[in-house]
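Residue-level structural notes
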Amino acid sequence: MKLYRTSTGNFVEEYGQYYRIDEHDWDALLAREDLPEYLSSRIVAQAPSAEFQHRDLLAPIGHQEVWAAGVTYFRSRGARMEESKDAGGGDFYDRVYSAERPELFFKSTASRTVGPGGKVRIRSDAHWSVPEPELTLLVSPKGRITGYTIGNDMSSRDIEGENPLYLPQAKVYTGSCALGPCILVNTSPLLHSTEIVLEILRHGMVEFSGSVGLTELKRDPQTLVSYLLRDNAFPSGCFLMTGTGIVPPSTFTLASGDTVRITIEPIGTLENEVA
Ligand code: DO4
Ligand code: MG
């Protein structure tokens with residue numbers, strides 16, 4: 001079951017049919033501990049709606065904070081060690097990759113986040129920027145994973161590589177985050193065979209493409225959630241990005257006009273142009 005937020009209301013898609021949800025308060029919906037069960041109960045005996053339009057899609061976020069896990073894939077560990085070696089920061093990434101406590105950082109709010117078709121941004125003082133395609137969890141206030149979406153953790157690698165203490169500036173700025181196109185509402189873990197696919201298009205041609213399987217995610221999503229919720233309350237629920245396993249070569253940097261396309265079946269595709 002997929003939950004969509006649009007400018008004309010909230011919809012659930014099941015078996016190719018769209019159903020309008022009469023709960024208009026997105027925060028109230030996302031904070032529900034019983035979101036899957038609640039949505040199933042709302043669409044029973046309801047006629048499908050013809051009003052759903054993809055062009056009306058909004059980012060599936062209200063007052064939730066977006067947090068992110070880092071260095072959860074071997075590929076990310078290697079890339080980070082490389083980018084920060086001159087700053088002497090490489091060892092930190094190696095240590096956090098194998099430590100029991102994960103790296104968790106604050107990533108975004110709704111005002112910095114764009115939805116499907118929105119424009120992500122490159123920092124004006126960055127020279128080396130990449131998208132990070134990440135499976136993103138919807139977490140209820142009590143820590144239940146109630147859904148999955150696709151996230152783009154836009155990152156300024158030169159700023160992050162200059163000094164690990166610059167991480168918040170490399171990660172948190174206007175247009176640094178994209179979420180969508182929907183929330184796959186499901187409490188069972190995604191299949192191990194799930195793939196995350198990234199394509200970056202420049203002038204309509206594929207400039208970079210890559211993929212990674214969830215089998216390569218080193219951390220269990222529920223364990224990441226349990227660390228995030230330690231001594232940290234999220235009354236409206238929150239989103240947690242689970243890290244990137246796809247890193248373009250060091251010679252690559254995003255440019256204005258590029259299209260970032262991230263696909264995770266069974267969630268869908270999140271596509272954004274770079275402003
Ligand atoms: O430690 C820096 C950020 C790591 C990150 O965003 C990732 O691995 O996805
Ligand atoms: Mg990331």
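Residues numbered from 1 in each chain as written. Chains lettered and ligands numbered in written order. Predicted model: local features only at pLDDT ≥ 70, side-chain atom pairs only at ≥ 80, totals over all residues. Heavy atoms only, no water.

**A short note on the domain arrangement of the protein chain**
Where the parts come together, the accessible area they lose is often given as the size of the interface. The condition is simple: Here the bounds of each domain stem from an automatic or database domain assignment. Residue contacts are counted whenever heavy atoms from the two residues lie within 4.5 Å of one another. Put simply, buried area is how much 1.4 Å-probe accessible surface two parts lose in total, over both of them, once they are put together. Salt bridges are counted wherever a side-chain nitrogen of Lys or Arg sits within 4 Å of a carboxyl oxygen of Asp or Glu. Secondary structure follows DSSP: runs of H or I at least 4 residues long count as helices, runs of E at least 2 residues long count as strands, and numbering of each begins at the N terminus. Residues are grouped as follows: Ala, Val, Leu, Ile, Met, Phe, Trp, Tyr, Cys and Pro are nonpolar; Asp, Glu, Lys and Arg are charged; every other residue, Gly included, is polar.
Once the domains are mapped, the protein chain shows domain 1 (2-56) and domain 2 (65-274). Distance from the C-alpha centre of domain 1 to the C-alpha centre of domain 2: 26 Å. Facing 13 residues of domain 1, the contacting portion of domain 2 comprises 17 residues. Taken over both partners, the interface formed by domain 1 and domain 2 buries close to 1,200 Å², and the fraction arising from carbon and sulfur atoms is 62%. Summed over the shared surface of domain 1 and domain 2, the number is one salt bridge. When residues of the side of domain 1 that touches domain 2 are traced back to their parent elements, those giving at least two are β1 (2-6), α1 (26-30) and α2 (35-43). In terms of residue count, the dominant contributor to the side of domain 1 that touches domain 2 is α2 (four residues). The residue inventory of the side of domain 1 that touches domain 2, partitioned by class, reads eight nonpolar, no polar and five charged.

**A look at the coordination of the magnesium ion (ligand 2)**
Octahedral metal centres with six donors ideally show angles of 90 or 180 degrees, and tetrahedral centres with four donors ideally show 109.5 degrees. Applicable threshold: Atoms are scored as donors when they are N, O or S and lie within 2.8 Å of the metal, with 3.2 Å used for Na, K and Ca; no water is included, so coordination may look incomplete. Only protein chains enter the accessibility calculation, which uses a 1.4 Å probe; a residue whose area is less than 20% of its type maximum is buried, one above 50% is exposed, and one in between is partly exposed.
Protein ligation of the magnesium ion (ligand 2) involves E132 (OE), E134 (OE) and D153 (OD), the donor distances falling in the range 2.0 to 2.1 Å. Donor residues for the magnesium ion (ligand 2) sit on one chain with the sequence pattern E-x1-E-x18-D. Separated by 21 residues along the polypeptide, E132 in the loop between β8 (129-130) and β9 (133-139) and D153 in strand β10 (residues 145-153) bring together distant segments of the chain. The exposure classification of E132 matches that of D153, with both residues buried.

**Points about the site of ligand 1**
Here is the rule: A single heavy atom is enough: if one lies within 4 Å of a molecule or strand, its residue is considered near that molecule or strand. Counted as a polar contact is a pair of N or O atoms within 3.5 Å, where, for protein atoms, one must be capable of donating a hydrogen and the other of accepting one, and residues adjacent in sequence contribute only when both atoms are in side chains.
Lining the immediate environment of ligand 1, one finds 16 residues, of which V71, S76, E103, K171 and T244 sit closest. Take V71: an N or O atom from its main chain is 2.8 Å from an oxygen atom of ligand 1. One nitrogen or oxygen atom from the side chain of E132 is found 2.9 Å from an oxygen atom belonging to ligand 1. Going through the elements one at a time, β4 (65-70), α3 (74-83), β5 (103-108) and α6 (167-171) are the ones with two or more residues in the shell around ligand 1. For the shell around ligand 1, the class distribution of residues is five nonpolar, four polar and seven charged.

**Looking at the sheet that holds strand β17 (residues 268-274)**
Spelled out, the test is: Two strands qualify as a pair provided that DSSP identifies no fewer than 2 bridges between them.
Here five strands make up an open sheet; going across it, the order is β7-β17-β16-β13-β14 and the pairing mixed. Looking along the sheet, the strands with just one partner apiece sit at the ends: β7 (119-120) and β14 (205-213).

**Side note on the side chain of R219**
We apply this condition: Residues scored as positive are Lys and Arg, those scored as negative are Asp and Glu, and His as well as the terminal groups of each chain are ignored.
Structurally, R219 is set in the loop between β14 and α7 (221-228). E100 provides the closest opposite charge to the buried, salt-bridge-free R219, at an N-O distance of 7.8 Å. Apart from the residues within four sequence positions on either side, R219 is in contact with T72, V96, Y97, A99, E100, R101, P102 and L224.

**Structural notes on the pairing of β14**
Pairing analysis gives eight bridges linking strand β13 (residues 195-202) to β14, with the strands arranged antiparallel. Bridging across to β14, I196 finds its partner in V212. Hairpin connection, β13 to β14: the antiparallel pair is bridged by two residues, and H203 has positive phi, about 50 degrees.

**As for the nonpolar core**
It is characteristic of soluble globular proteins that their nonpolar side chains tend to be buried jointly. This is how the line gets drawn: Buried Ala, Val, Leu, Ile, Met, Phe, Trp, Tyr and Cys residues form a nonpolar core when they are joined through side-chain atoms within 4.5 Å.
The biggest cluster of nonpolar side chains holds 45 residues, and the ones touching the most others in it are L135, Y148, I196, L240 and I267. Split by domain, the residues of this core number at least three in each of domain 1 (2-56) and domain 2 (65-274). Not counting the four nearest positions on each side in its chain, I267 is found in contact with K2, L135, Y148, T149, I150, P181, C182, L184 and L190. Among the nonpolar cores identified, the runner-up in size contains 25 residues, and L30, A68, L167 and V185 belong to it.

**Some points on unusual backbone geometry**
Excluding glycine, a negative phi dihedral is what most residues carry, and trans is how most peptide bonds are arranged. Cis geometry is adopted by the peptide bond preceding P181, which originates at G180 and carries an omega value of 5 degrees. Among the secondary structure elements, P181 is positioned in strand β12 (residues 177-185). If you check the backbone angles, Y15 has positive phi at about 50 degrees while not being a glycine. Mapped onto the fold, Y15 is located in the loop between β2 (9-14) and β3 (17-21).

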